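# Survey of secondary and tertiary structure
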Amino acid sequence: MGQTVPLVEHMDLLALADFNLVAGHGGFGRAARASGRPKATLSRRVGELEAALGLRLFERGARALRLTQEGRALHERAGALLTELEETAAAIASGGDRPRGRLRISAPLLFSQTAMGGLAAGFALRFPEVRLEVTTEDRAVDMVEEGFDLVIRVNPDRDESLVGRAFLRDRLVVVATPGLARPAGEAAVPAVVRGAGEGAGVWEVVGAKGRSGIAVDPVLRLSSLVMVRDAVRAGVGAARLPVSLVGRDLAAGRLVHWGDVDGPEIALWALYPSRRLLSARVSAFLDFLKEAFPTGAPEELAAYVGG
C-alpha cells in the first residue's frame with residue numbers, strides 16, 4: 001500500500017478523472033490519443049490537482065512519466081471510486097439500481113471446486129448485466145492492488161481495512177470406509193493427509209463416548225481435499241475432512257464417522273474493502289450467498305457437492 005493521500009475539501013472530480021486517465025495510459029500523449037482530449041488540457045488539469053493536493057503525483061523525465069508513491073496510492077483508490085460513481089449515475093439515469101459491470105471475486109480452492117461453479121452460473125443467469133470473474137486461490141490477495149471487489153476466505157485474520165460477514169460454517173470429521181476398522185489401543189491406522197508437513201501422531205476426536213485419540217500413520221499425502229476424499233473412498237485409509245465434503249457419503253453409508261475433530265470451527269467469510277462504497281453488484285452477490293446458504297450450516301454446502 002502507498003502512503004495515505006491527504007483529503008482536500010474541494011477536490012475537482014474532473015481533474016481527478018483526468019489524472020486517472022493519464023495514470024492508466026502511462027503518459028499524457030497516450031491518454032490524449034485514447035480520449036481525444038488535448039494533451040495540454042490534460043497536463044494543465046493534472047498540474048492543478050497536484051497544486052490542490054500539495055503533492056507531486058508524477059515524476060516527469062525527458063522520455064518517461066512515472067507515478068510517485070503518492071500518485072500510485074491515489075490511482076489505486078481513484079479508479080474504483082470513479083467507476084462506482086459512474087455506475088451509480090448510470091443506475092439513477094436508468095431509473096433503478098440494477099447490478100451491472102464487472103465483479104471480480106477471489107475464492108479458496110475447495111469452495112470453488114465444490115460450489116462456486118453452480119453459484120456463479122446461478123448469479124449470471126439472474127444478473128445478466130454483471131460480468132462475473134472468479135479467481136481461485138488460497139493466498140490472501142491484496143484487494144485494492146489486484147482489483148478484486150469481493151474475496152471469500154476461510155477463517156481470515158483480522159484486517160481493519162476489510163469488512164464482511166461469515167456466511168458458512170463447517171467442521172472437520174474423521175471418516176473411513178466401513179471396511180477399515182478403527183484400531184483399538186495404541187495401534188495406528190493408515191491415514192490420508194493433505195500436504196507434506198504432517199507426520200505420524202494422534203488425532204484428537206470428540207464422539208458419543210467423549211474425547212479420544214486415534215493414532216495415525218500417514219501413507220498417502222495429497223494437495224487437495226477432494227483428492228483426499230477420493231482416496232478415502234477407495235479404502236486407502238482414514239482422513240480428516242469437512243463434513244460438507246463427505247455428508248453425502250456418510251448418509252449413503254459409503255463412509256463412516258469416527259468422530260468430530262477437536263478444534264476450531266471452520267468459517268467462510270465474504271469480505272470487501274470498508275472504505276469503498278458498496279456497489280449494487282457486490283450487494284447483489286452478498287444477498288445471493290445469503291439466499292443460497294440461509295442458515296450457513298455445512299449441510300447447505302454439502303448440497304452443492306457432487307460425485
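The rules behind the values
- Residues numbered from 1 in each chain as written.
- Predicted model: local features only at pLDDT ≥ 70, side-chain atom pairs only at ≥ 80, totals over all residues.
- Heavy atoms only, no water.
- Buried < 20%, exposed > 50% of the residue type's maximum accessible area, 1.4 Å probe, protein only.
- Helix = DSSP H or I, 4+ residues; strand = E, 2+ residues; numbered from the N terminus.
- Pairing = 2+ DSSP bridges.
- Lys, Arg positive; Asp, Glu negative; His and termini not counted.
- Salt bridge = Lys/Arg side-chain N within 4 Å of Asp/Glu carboxyl O.
- Contact = heavy atoms within 4.5 Å.
- Phe/Tyr/Trp six-rings, centres within 6.5 Å; stacked < 30°, edge-to-face > 60°.
- Lys NZ or Arg CZ within 6 Å of the ring centre and 35° of its normal.
- Patch = residues over 30% accessible without salt bridge, like charges linked within 9 Å, V, L, I, M, F, W, Y side chains within 5 Å.
- Areas by Shrake-Rupley, 256 points an atom, 1.4 Å probe, with all protein chains shown as cover.
- pLDDT = per-residue confidence, 0-100.
- Axes fitted to C-alpha atoms, helices over the stretch in contact; angles between N-to-C directions.

With that settled, consider the pairing of strand S7 (residues 172–176). A regular strand carries its side chains on alternate faces of the sheet. Most of S7 is tucked away, with 4 of its 5 residues classed as buried. As paired elements, S7 and strand S11 (residues 239–242) share 4 bridges and run antiparallel to each other. Bridging from a neighbouring strand, Leu172 pairs with Pro242 of S11. The pairing of S7 with strand S12 (residues 256–261) spans 4 bridges and is antiparallel.

Note on placement: Glu300 falls in helix H10 (residues 298–302). Buried within the structure, Glu300 lacks any salt-bridge partner; its nearest side chain of opposite charge belongs to Lys290, at an N-O separation of 7.8 Å. Setting aside residues up to four positions removed in sequence, Glu300 forms contacts with Phe293, Pro294 and Thr295.

With the rule as written, the count across this model stands at 9 aromatic pairs. When the centroid spacing of 4.8 Å and the interplanar angle of 45° are considered together, the rings of Phe123 and Phe127 count as tilted. Summarising the burial analysis for this pair, Phe123 and Phe127 share the class buried. Within the aromatic cluster, the residues linked to one another by ring pairs are Phe111, Phe167, Phe293 and Tyr304. Sitting over the ring of Phe148, Arg104 keeps its end group 4.3 Å from the ring centre.

A surface patch of nonpolar side chains, about 230 Å² in accessible area, is lined by Leu13, Leu81 and Leu85. Mapping Leu13 onto the fold places it in helix H1 (residues 13–25).

The predicted model of the protein has a mean per-residue pLDDT of 85, with 89% of residues at 70 or higher. Of the regions scoring below 50 in pLDDT, residues 1–10 engages in 19 contacts with residues more than four places distant in sequence or in other chains.

Attention now moves to the sheet that holds strand S10 (residues 210–222). Taken in spatial order, the 6 strands of this open sheet run S8-S10-S9-S12-S7-S11, and their pairing is mixed. The open sheet has two edge strands, strand S8 (189–194) and S11, and neither has a second partner. Strand-to-strand, the axes of this sheet are offset by a mean angle of 55°, without reference to chain direction. Looking at chain direction, strand S9 (residues 201–207) and S10 are connected through 7 bridges and run antiparallel. Bridge pairing in S10 links Val202 to Ala215. On top of the sheet, helix H7 (residues 225–233) reaches S7, S8, S10 and S11; it is set at about 125° to S11, its chief contact. Running at roughly 100° to S11, helix H8 (residues 243–252) makes contact with S7, S11 and S12 of the sheet.

Let us now look at the environment of Leu241. Looking at where Leu241 falls in the secondary structure, it is placed in strand S11. Not counting the four nearest positions on each side in its chain, Leu241 is found in contact with Arg171, Leu172, Val173, Val175, Leu225, Val228, Arg229 and Val246.

We now examine the environment of Gly197. Structurally, the position occupied by Gly197 is in the loop between S8 and S9. Gly197 sits in the exposed class, given a relative accessible area of 80%. Separated by 24 residues in sequence, Gly197 and Arg221 place their C-alpha atoms 9.2 Å apart.

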